[in-house]
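Working through the structure, step by step
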Amino acid sequence: MSWVKENCLSFFQLFCIKVVKTGRIPQHLALIMDGNRRYAKKLSVGSTEGHNKGFDKLSEVLKWCLDLGIPEVTVYAFSIENFKRSQDEVDALMELASDKFKRLLEEIDQINEWGVRMHVAGRLSLLPAELQALVSKAMLATRQNNKLRLNIAYSYTGRDEISRAASYIIDSVKNKELTADDIDEDLISQTLDLGEPELLVRTSGEVRLSDFMLWQVNRTVLYFTDVLWPEFTIWNLLAAIIHFQRHAPPALQEKENTPIQQEFLEKLETRKWQTLEKIVGC
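Computed from a prediction, not measured in an experiment: that's the story for all the values here.

Their axes nearest at 9 Å, the elements helix 4 (residues 87-106) and helix 6 (residues 129-141) cross at an angle of 35 degrees. Crossing of helix 4 over helix 6 shows left-handed handedness. Contacts between helix 4 and helix 6 involve M94, A97, S98, F101, K102, L104 and L105 from the first element and E130, L131, L134, V135, K137 and A138 from the second. Classifying every residue of the contact of helix 4 with helix 6 by side-chain character gives nine nonpolar, one polar and three charged.

As for its position among the elements, S79 is in strand 2 (residues 72-79). Overall, S79 belongs to the buried group, its relative accessible area being 9%. Side chain to side chain, S79 and Y76 meet in a polar contact 3.4 Å long. In this view, S79 contacts Y156 and T157; residues no more than four positions away in its chain are not counted.

Rules and cut-offs
Residues numbered from 1 in each chain as written. Predicted model: local features only at pLDDT ≥ 70, side-chain atom pairs only at ≥ 80, totals over all residues. Heavy atoms only, no water. Axes fitted to C-alpha atoms, helices over the stretch in contact; angles between N-to-C directions. Helix = DSSP H or I, 4+ residues; strand = E, 2+ residues; numbered from the N terminus. Left-handed = near helix turned anticlockwise from the far one by under 90°. Contact = heavy atoms within 4.5 Å. Nonpolar A, V, L, I, M, F, W, Y, C, P; charged D, E, K, R; others polar. Buried < 20%, exposed > 50% of the residue type's maximum accessible area, 1.4 Å probe, protein only. Polar contact = N/O pair within 3.5 Å; in protein donor to acceptor, adjacent residues only side chain to side chain.

Take a look at the structure:
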């Protein structure tokens, strides 16, 4: 299955998308893709098959997001807490991720044609070396794309993300690149791996955030649905967007950074790209 599935929507579904697009569309959609293992159990198949079906569903949803004009999607794919699962399941998930990123690199021309930019957020050092290299190559190969930014939270928790951002800022204060007066909420937000979503959807009936984007969701519209992730449909997505249109707060204007803050953020971005290039070069 390709990363972005070709359109398989009916004429009526495409018409409904056009109707929904007459209203406000979230500029950043976050997804907690829950229910793969319960889906597998429901069908009496192995958990790996459930995770495979979950990836297939993601490829469908990405095409729907392109059709809807959603420019940024963040998915919670693998929590640091998931390392506590059985070794067989963890190994299977790492192998699945490696296979999918190999497929992405094989299809890089199509990915670039779609304009999808890949960003993997999380503590990559916890991943196997081969997967680290594949992830880094994918991010470097798509860094110029700008139609849809796909953030994959992998080896991630919100608390770990905040702690790493705090470390970057503390190091910069020690190096006299920042002062205490330069540190504010906006700087912390921009130092994190992930930006603020306007709509967060969680499937499978769970109604908690599970340590996902804890800093970012203070103004986010939350939508919980009972459907298992592999069974998520375009109707579920449109229902979530209509819920967003009914409950979304007014959009905030972005605050302009000071020259010192901007210089810090640019240096941080450069260091991150250099780290990826180093991983690929190893």
